[in-house]
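Letter by letter, the chains look like this.
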Amino acid sequence: MTEFLLALFVFLFAHILPQIGDLRGKIISLTNRKTYIIGYSILSTVLLVWLISAALRAPKTVYYAADPTTVRIAMGLMLVAVILFVMGAMRPNSLSVSFRRNIDVENKKPGILTLVRHPIIVAFGLWAFAHIIVNGELANILLFGIMLAFSVLGMMRLNKTKATKLSAAAYQQALQKEAGSFGQRLRRALDGQFWIELVIGAVLYMAILHAHGAVIGVDPLAYF
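Engineer: Describe in detail the overall build of the chain, supporting the description with residues and values.
Structural biologist: Secondary structure summary: the chain contains ten helices and zero strands in total. Element order for the chain, N to C, with α for helix and β for strand: α-α-α-α-α-α-α-α-α-α. For the chain, the C-alpha radius of gyration of 19 Å lies close to 17 Å, the compact-globule estimate for 224 residues. For the chain, with 224 residues in total, the buried portion stands at 37%. Intrachain contacts of the chain at a sequence separation of at least 6 include 73% that bridge at least 24 residues. One way to put it: in the chain the 21 positive side-chain charges average out to a point 9 Å from where the 10 negative ones average out.

Right, here's the structure in full:
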């Protein structure tokens with residue numbers, strides 16, 4: 001449990017530190033945004049892998065066990081999560097976590113952003129919730145519970161800070177993709193790229209599902 005708690009602390013600290021004293025902005029000013037995103041993504045992935053592996057090695061205190069019903073629910077949530085992640089990763093998004101910025105492309109081809117402002121963070125939250133309902137061990141409940149809270153708080157924080165970090169004109173321009181009724185927004189979302197992203201997400205999901213047993217040690221398909 002000591003290694004797990006240490007990994008959890010380091011992971012959380014690594015995600016809080018960039019916001020202290022605008023360290024993130026200072027690093028970007030010394031390098032560039034692309035370099036920062038790539039470097040920080042690699043660091044986050046390494047820390048997440050360590051955190052998950054530490055949770056798997058932690059002492060087992062089981063409160064509930066997975067069953068075919070909860071596994072089916074988790075698999076459905078993960079399908080949505082993976083597709084949302086792919087869609088969010090492939091679109092520039094000035095209002096949330098994004099791998100690139102291009103307000104013109106963002107408004108002309110918003111895709112999923114017309115319906116979900118924070119697709120990558122929502123995907124992360126769904127991933128966490130899906131794993132809570134099938135992992136009744138204490139370490140896993142702590143791990144994925146904190147990740148879920150992290151996602152919710154992250155969306156709340158972005159909704160608050162983006163309105164001040166962006167210029168008034170840029171913020172209003174970014175909000176335009178969310179304008180209109182649900183039907184109007186849905187029609188704008190369903191462009192040609194949307195269907196490509198959907199297929200990529202589904203293929204990636206199947207790859208993750210079939211590799212889960214070998215990589216993580218738990219095969220969801222074994223419940224069927």
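Engineer: Tell me what's going on with the pattern of salt bridges, and back it up with residues and numbers.
Structural biologist: In the structure shown here, the tally under the stated rule is five salt bridges. Of the charged contacts in the structure, one is a salt bridge between E106 and K177, with a shortest N-O distance of 2.5 Å. Of the two residues, E106 is situated in helix α5 (residues 103-108) and K177 in the loop between α8 (168-175) and α9 (182-189); the sequence distance between them amounts to 71 residues. Looking at K177, the relative accessible area reads 3%, which means it is buried. Of the charged contacts in the structure, one is a salt bridge between E178 and R117, with a shortest N-O distance of 2.8 Å. Placement of E178 in the loop between α8 and α9 and of R117 in the loop between α5 and α6 (119-132) is noted, with a sequence separation of 61 residues between them. When its relative accessible area of 18% is taken as the criterion, E178 is described as buried. Salt bridges here are not isolated pairs; linked through shared partners, they connect R91, D191 and E197.

Engineer: So what's going on with the packing of helix α3 (residues 33-57) against helix α7 (residues 138-165)? Residues and values would help.
Structural biologist: Two numbers describe how α3 lies on α7: the axes approach to 8 Å, and their chain directions differ by 155°. It follows that α3 is roughly antiparallel to α7 by the angle criterion. Contacts between α3 and α7 involve L51, I52 and A55 on the former and, on the latter, A139, N140, L143 and M147. Partitioned by chemical class, the residues of the contact of α3 with α7 number six nonpolar, one polar and no charged.

Engineer: Outline the packing of aromatic side chains, supporting the account with residue identities and numerical values.
Structural biologist: Overall, the coordinates contain six aromatic pairs when judged by the stated rule. Ring centres 5.2 Å apart and planes at 80° place the aromatic pair F194 and W195 in the edge-to-face group. Take F194: its relative accessible area is 10%, and that puts it in the buried class.

Engineer: Let's hear about the nonpolar core: which residues, and what values?
Structural biologist: One finds F4, L51, L143 and M147 to be the most contacted residues of the largest nonpolar core, which totals 28 residues. Contributions of two or more residues to this core are made by α1 (2-16), α3, α4 (68-89), α6, α7 and α10 (192-216). Setting aside its immediate chain neighbours within four residues, M147 contacts F11, L51, F124, W127 and A128. Membership of the second largest hydrophobic core comes to nine residues, among which are I83, M87, L126 and F194.

Engineer: Could you give an account of the side chain of K162, naming the residues involved and the relevant values?
Structural biologist: Within the secondary structure, K162 is located in helix α7. E106 is the oppositely charged side chain nearest to the buried, salt-bridge-free K162, at an N-O distance of 9.0 Å. The residues touching K162, leaving out its near neighbours within four places in the chain, are S94, L95, S96, R101 and Y171.

Engineer: Just give me the short version of the packing of α4 against α10, but keep the residues and values in it.
Structural biologist: Relative to each other, α4 and α10 sit at 130°, their axes nearing to 8 Å. Classed by the angle they form, the pair α4 and α10 counts as oblique. Where α4 crosses over α10, the two elements pack in a sense that is right-handed. Residues M75, M78, L79, V82, I83, V86 and M87 of α4 form the contact with α10, whose participating residues are F194, E197, L198, I200, G201, A202, L204, Y205, I208 and L209.

What counts as what
- Residues numbered from 1 in each chain as written.
- Predicted model: local features only at pLDDT ≥ 70, side-chain atom pairs only at ≥ 80, totals over all residues.
- Heavy atoms only, no water.
- Helix = DSSP H or I, 4+ residues; strand = E, 2+ residues; numbered from the N terminus.
- Rg over C-alpha atoms; globule rule 2.2 N^0.38 Å.
- Buried < 20%, exposed > 50% of the residue type's maximum accessible area, 1.4 Å probe, protein only.
- Contact = heavy atoms within 4.5 Å.
- Lys, Arg positive; Asp, Glu negative; His and termini not counted.
- Charge placed at Lys NZ, Arg CZ, Asp CG, Glu CD.
- Salt bridge = Lys/Arg side-chain N within 4 Å of Asp/Glu carboxyl O.
- Axes fitted to C-alpha atoms, helices over the stretch in contact; angles between N-to-C directions.
- Parallel < 35°, antiparallel > 145°, perpendicular 65-115°, else oblique.
- Nonpolar A, V, L, I, M, F, W, Y, C, P; charged D, E, K, R; others polar.
- Phe/Tyr/Trp six-rings, centres within 6.5 Å; stacked < 30°, edge-to-face > 60°.
- Core = buried A, V, L, I, M, F, W, Y, C linked by side-chain atoms within 4.5 Å.
- Left-handed = near helix turned anticlockwise from the far one by under 90°.

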